[in-house]
Amino acid sequence: MSTGAAVRAAAADAAVTFLWVLCASALGTGTAAVTSYLSLQEGAQYAPLLVTASLLFVLLSVFGPLCDALGGARFSPTDIAAFYAAGLSRPSLFSIALRLPAQAAGAVGGALAISELMPEQYKHTLEGPSLKVDPHTGAIAEGVLTFIITLAVLWIVIKGPRNPIVKTSLLSVTTVCLILAGAGYTGPSMNPANAFGWAYVNNLHNTWEQFYVYWICPLIGATLAAWIFRALFLRPEHKPKAKRA
């Protein structure tokens, strides 16, 4: 990959990560606003979850084509690690060295922007991922959750249904379920860049716990999931050609 192409990929990652953190961080506010408008608080117990999953479906439906239009841009370091480990992409080390910091910078920008733009009455919904248990428990939880979401995403995207609506629905429901599962542990994040953005806002970005829980273990979990997916579902004779990014 040429230097220019690597810089363009990093710039695309920074832009899409900025937009993702900006929009995804408002899901809680959006859910509260929709449930209030439709008077769903007094209705079904799981109505807010359905609203969140629906809003996430819309978000993923927009960001999928956007990432494709930007040449395969990604908004999570675990995505880059997983697709590389699964043999589905072959970015150069130079490209990776540019893209990961670019994603982190984009996430910081997105977190700062939504913090400024969010109306005062809804700012309490902008917590971001936070460690609610001891670091080792949190690291295990974040690693396991990232392993599961990565394996699910790889299967849904590569081997799952061809219908884009069904595919996006599965991604949305899986993500919401894992967020619920990890809420009492790490938030969760399952995206090191997103976690870094909010850690920066809260002045926790330069701590060992943040690096250990939200970077090291998720990247390990994503890589292990990719290796298992590759061994189970990508036979050597059927492996798609790796794309240069």
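Residues numbered from 1 in each chain as written. Predicted model: local features only at pLDDT ≥ 70, side-chain atom pairs only at ≥ 80, totals over all residues. Heavy atoms only, no water.

Draft legend 1. Main features of the overall build of the protein chain. Along the protein chain, the regular secondary structure elements total nine helices and zero strands. Helices and strands appear in the protein chain in the N-to-C order α-α-α-α-α-α-α-α-α. A compact globule built from 245 residues would reach a C-alpha radius of gyration of about 18 Å, and the protein chain, at 18 Å, matches this within 12%. Seen through its C-alpha atoms, the protein chain measures out along the principal axes to roughly 55 × 40 × 35 Å. Going through the 245 residues of the protein chain one by one, you find that 42% of them count as buried. Contacts in the protein chain between residues far apart in sequence, at least 24 positions, make up 80% of those at least 6 positions apart. Carbon together with sulfur atoms contributes 66% to the accessible area of the protein chain, which is approximately 12500 Å² in total. (Helix = DSSP H or I, 4+ residues; strand = E, 2+ residues; numbered from the N terminus. Rg over C-alpha atoms; globule rule 2.2 N^0.38 Å. Buried < 20%, exposed > 50% of the residue type's maximum accessible area, 1.4 Å probe, protein only. Contact = heavy atoms within 4.5 Å. Areas by Shrake-Rupley, 256 points an atom, 1.4 Å probe, with all protein chains shown as cover.)

Draft legend 2. Focus on a nonpolar patch on the surface. Among the surface-exposed residues, W155, V166, L170, I228, L232 and F233 lie close enough to one another that they form a single nonpolar patch of about 490 Å² accessible area. Elements supplying a minimum of two residues to the nonpolar patch: α7 (164-182) and α9 (208-233). Broken down by element, the residue count for the nonpolar patch peaks at three residues, all from α9. Examined against the element boundaries, F233 turns out to sit in helix α9. Residue F233 is classed as partly exposed on the basis of its relative accessible area, which comes to 31%. (Patch = residues over 30% accessible without salt bridge, like charges linked within 9 Å, V, L, I, M, F, W, Y side chains within 5 Å. Salt bridge = Lys/Arg side-chain N within 4 Å of Asp/Glu carboxyl O.)

Draft legend 3. A look at the UniProt feature "transmembrane region" (unreviewed entry) in the protein chain. Mapped onto this structure's residue numbering, the UniProt feature "transmembrane region" (unreviewed entry) falls at residues 18-40, 47-66, 139-158, 170-191 and 211-234. Within residues 47-66, the helical portion is 100% and the strand portion 0%, while the C-alpha atoms at the span's ends are 29 Å from each other. In residues 139-158, helix accounts for 100% and strand for 0%; the two terminal C-alpha atoms are 28 Å from one another. (UniProt positions renumbered as here; feature names shortened; annotations may be inferred.)

Draft legend 4. The arrangement of the pattern of salt bridges in detail. The tally for this structure, following the rule as stated, stands at one salt bridge. Note that D13 and R99 form a salt bridge whose closest N and O atoms lie 2.6 Å from each other. One end of the pair, D13, is in helix α1 (residues 3-24); the other, R99, is in helix α5 (residues 93-117), with 86 residues separating them in the sequence. Note on D13: relative accessible area 0%, which makes it buried.

Draft legend 5. Just the environment of I149, in detail. The residue I149 is located in helix α6 (residues 135-159) in this model. I149 gets classed as buried once you look at its relative accessible area, which sits at 11%. As a C-alpha pair, I149 and V7 span 142 residues in sequence and 28 Å in three-dimensional space.

Draft legend 6. Structural context of the nonpolar core. In terms of nonpolar packing, the biggest core is built from 12 residues, these being A12, V16, W20, L27, A53, L56, L59, F63, C67, A73, F75 and V176. Those elements that place two or more of their residues in this core are α1 and α3 (47-69). Looking at which element gives the most residues to this core, the answer is α3, with five residues. (Core = buried A, V, L, I, M, F, W, Y, C linked by side-chain atoms within 4.5 Å.)

Draft legend 7. Geometry of the layout of surface pockets. Of the volumes computed, that of the second largest pocket is approximately 180 Å³. Around the second largest pocket sit 13 residues that line it, and S130, L131, L204, Q210 and Y214 are the ones nearest its centre. Each residue belonging to the lining of the second largest pocket can be placed in one class, and the counts come to eight nonpolar, four polar and one charged. (1 Å grid on protein atoms, 1.4 Å probe; cavity = no way out; pocket = protein on both sides within 12 Å on 5 of 7 lines; lining within 4 Å. Points joined across faces, edges and corners; volume = space filled by probe spheres on them. Nonpolar A, V, L, I, M, F, W, Y, C, P; charged D, E, K, R; others polar.)

Draft legend 8. Representation of unusual backbone geometry in the model. Here the residue pair G187 and P188 is connected by a cis peptide bond, since its omega of -15° sits within 30 degrees of zero. Structurally, P188 is set in the loop between α7 and α8 (192-201). In this structure, M190 takes a positive phi of about 60° despite not being glycine. Secondary-structure assignment places M190 in the loop between α7 and α8.

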